[in-house]
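Chain by chain, the residues:
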Amino acid sequence: DVPCVVYGTSQTGLDMMVTAGRLIEMGVRGSNIVLCYPDETFTPIDDERACEIAIIAASEEGIQFQEASEIVEVKQMSQRVVGVRFADGRDMDCGLVIAHGEKGVDTALFHALNDQSLVFDGRIVVDASFKTNDPCILAGGDLIKFARRTQDTRRLDQYNQREIGARLSEALLVDVDPTSASMGRATFSKVPPLMDPLGFCGRLPGGLNYVYVKASPEAFPQGAPEESVSRALVTDVVTPIVSYSRMEVDKYGRVCGMRFLTDQPVADAWTFKNLVLLPVTYLNDIIGRTDAGMITDLRTFLMHDWARALYHDRFHILRSQLEEAVQTSEHMASVVNTLWLKVKAGDVFVSEVTAVDTVLARDAKLQTQDGLNLFLECNADLLPGYLTAFRAREMQTNNVWGHTAEKVGLAVGDVPLMDDNV
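Residues numbered from 1 in each chain as written. Predicted model: local features only at pLDDT ≥ 70, side-chain atom pairs only at ≥ 80, totals over all residues. Heavy atoms only, no water.

(A) Region of the structure containing the sheet that holds strand E13 (residues 243-250). Reading across from one edge, E10-E11-E14-E13-E12 is the order of the five strands in this open sheet, with antiparallel pairing throughout. Of all strands in the sheet, those with a lone pairing partner are strand E10 (198-204) and strand E12 (229-237), marking the two edges. Between one strand axis and the next, the sheet turns by 5° as a mean value, whatever way the strands run. Sheet analysis places E13 next to strand E14 (residues 255-262), joined by seven bridges and oriented antiparallel. Its bridge partner lying in E14, Glu 248 is registered against Gly 257. (Pairing = 2+ DSSP bridges. Helix = DSSP H or I, 4+ residues; strand = E, 2+ residues; numbered from the N terminus. Axes fitted to C-alpha atoms, helices over the stretch in contact; angles between N-to-C directions.)

Written as structure tokens, this is what we have:
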């Protein structure tokens, strides 16, 4: 029955909400949880509607919110927490304090770096191989920055930390792998682009599940990601379930961010990252269907069977192969060049280009068709829901297929040509 205080700021507000949700799951009553923050307003999620839903759900659990409450002292007695004191002189009894501080370098870490004579300029300075000024010490993560001589000014706390770890591992192999020189790793002078999307998934009070994925800043070389958004698709279901979804499309026609807040389980939430930076035209006319009111819940729509191939771990390989193959078409090269000139001139956003502007030539249609059919057949064990030429041939005994083939002048097993529009 003793209150539990969760302390932080709006910048750590999402972590505070996740902590509160976890305390409730561990058996702490919501009425015994107090969220304290020094700000006048509390915005744990940078989406107004999602933030409203999350705070209402937390309030219904009995969680209390105390704004303008900066903790200046934690009271202890017999080595146990008994309360906190706020900057305005108020006291509050509690038995637990969980503080979410903003990321930084504490005194102990700074002394450890200084004792090793490592160069520290707000962050640990490393070269393109992630080596500090002591070549025997490598560093990675969001606490590093690249030396000025590398001309790399990226803030690494804004990138996928797992990807940075992979790049550090590759750099480490140069020293521990004798074949690295022959493989070209020893000649790295710059860190490769960091393109992996960033994501967050957590369980909030009220049984809400929150999922957020967004593109890497590297995908927007000509401006901030927020400035590149040209369209947002939103669905908001409040009954019989809670399901808020938002998908953002950039001016290049790519999915640049998605967030979902729902009281339903979100299985394999990490797979949504496969849709980030995918052209929105891959998503089954999702813009047109949403505008027409045919899609009431984006999250559910993206989890239907039709989208299963998009989440396959080899789909990006298929996409790269098809794009390379289509680029050999003179007709397609002309179409792409014309569209790019329009975009550069500011006449049109890529996301506004209609199918009329992207007519596929016959050679490009055949390459795309055959490549997709081969991909589905090679991965038939994981993608059983798609009809391919081989599967259609196996279904010759089905009269429905035979009659349909006769109507269009084909034999069962033939792959009909795509139409002229993408």
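(B) Representation of the layout of surface pockets within the structure. Here the second largest pocket is characterised by a volume of approximately 1800 Å³. Contributing to the lining of the second largest pocket are 43 residues, with Gln 11, Lys 103, Asp 157, Leu 198 and Lys 214 lying nearest its centre. Those elements that provide at least two residues to the lining of the second largest pocket are helix H1 (13-25), E10, strand E11 (208-214), E13 and E14. Tallied by class, residues from the lining of the second largest pocket come to 17 nonpolar, 12 polar and 14 charged. (1 Å grid on protein atoms, 1.4 Å probe; cavity = no way out; pocket = protein on both sides within 12 Å on 5 of 7 lines; lining within 4 Å. Points joined across faces, edges and corners; volume = space filled by probe spheres on them. Nonpolar A, V, L, I, M, F, W, Y, C, P; charged D, E, K, R; others polar.)

(C) Up close: empty space enclosed by the protein. According to the stated counting rule, one finds one cavity of 30 Å³ or more in the structure shown. A volume near 30 Å³ is recorded for the largest cavity. Taken together, Tyr 212, Arg 246, Glu 248, Gly 257, Met 258 and Arg 259 form the lining of the largest cavity. Examining the composition of the lining of the largest cavity, we find that three residues originate from one element, E14, more than from any other. Partitioned by chemical class, the residues of the lining of the largest cavity number two nonpolar, one polar and three charged.

(D) Region of interest: the nonpolar core. Counting residues in each nonpolar core, the largest one holds 37 residues, and the members touching the most others are Met 247, Met 258, Phe 272, Leu 275, Leu 283, Ile 286 and Leu 302. The set of elements that each furnish at least two residues to this core consists of E11, E13, E14, helix H6 (298-302), helix H7 (315-326) and helix H9 (362-378). Among the elements that line this core, the one with the most residues is E14, at four residues. Core analysis: the second largest hydrophobic core is formed by 26 residues, Leu 14, Ile 53, Leu 204 and Tyr 212 among them. (Core = buried A, V, L, I, M, F, W, Y, C linked by side-chain atoms within 4.5 Å. Buried < 20%, exposed > 50% of the residue type's maximum accessible area, 1.4 Å probe, protein only.)

(E) Highlighting the pattern of salt bridges. One pass over the structure, following the stated rule, counts 24 salt bridges. Residues Arg 123 and Asp 157 are paired through a salt bridge, measuring 3.6 Å at the closest nitrogen-oxygen approach. Of this pair, Arg 123 sits in the loop between helix H3 (107-115) and strand E8 (124-126) while Asp 157 is found in the loop between strand E9 (144-146) and helix H4 (161-176), placing the two residues 34 residues apart along the sequence. Accessibility expressed as a relative area gives 30% for Asp 157, which makes it partly exposed. One salt-bridge network, held together by shared partners, links Asp 46, Asp 47, Arg 246, Glu 248 and Arg 259. (Salt bridge = Lys/Arg side-chain N within 4 Å of Asp/Glu carboxyl O.)

(F) Representation of the side chain of Ser 243 in the model. With respect to the helices and strands, the residue Ser 243 is situated in strand E13. Within polar-contact distance, the side chain of Ser 243 engages the side chain of Asp 297 at 2.9 Å. Residue contacts for Ser 243: discarding those within four places in its chain leaves Thr 235, Asp 236, Val 237, Leu 261, Thr 262, Asp 297 and Arg 299. (Polar contact = N/O pair within 3.5 Å; in protein donor to acceptor, adjacent residues only side chain to side chain. Contact = heavy atoms within 4.5 Å.)

(G) Here's a closer look at H4. Between the first and last C-alpha of H4 there are 22 Å, a value that for 16 residues agrees with the 22 Å anticipated at 1.5 Å per step. Looking at H4, one finds that the buried residues are Glu 163, Ile 164, Arg 167, Leu 168 and Ala 171. Down the axis of H4, the sector holding all buried residues measures 145°, keeping them to one side. Across H4 from its buried face, at more than 90 degrees, point the exposed residues Arg 162 and Val 176. A side-chain oxygen of the first residue of H4 lies 2.9 Å from the backbone nitrogen of Arg 162; this N-cap is Asn 160. (Expected span 1.5 Å × (residues − 1). Arc of directions from axis to C-beta.)

(H) Fine view of the packing of aromatic side chains. In this structure the tally under the stated criterion is 10 aromatic pairs. With 5.8 Å between their ring centres and 65° between their planes, Phe 130 and Phe 146 make a pair best called edge-to-face. Note that Phe 130 is positioned in the loop between E8 and E9 and Phe 146 in strand E9, a separation of 16 residues in sequence. Note on Tyr 282 and Phe 315: the rings are 6.0 Å apart at their centroids and 85° apart in plane angle, and the pair reads as edge-to-face. In this pair, Tyr 282 is assigned in the loop between E14 and helix H5 (286-291) and Phe 315 in helix H7, connecting sequence segments 33 residues apart. (Phe/Tyr/Trp six-rings, centres within 6.5 Å; stacked < 30°, edge-to-face > 60°.)

(I) Inspection of the environment of Lys 190 at higher detail. Note that Lys 190 resides in the loop between H4 and E10. In sequence terms Lys 190 and Ala 128 are 62 residues apart; their C-alpha atoms lie 5.1 Å from each other. Among all residues touching Lys 190, those that are not within four sequence positions of it are Ala 128 and Thr 150.

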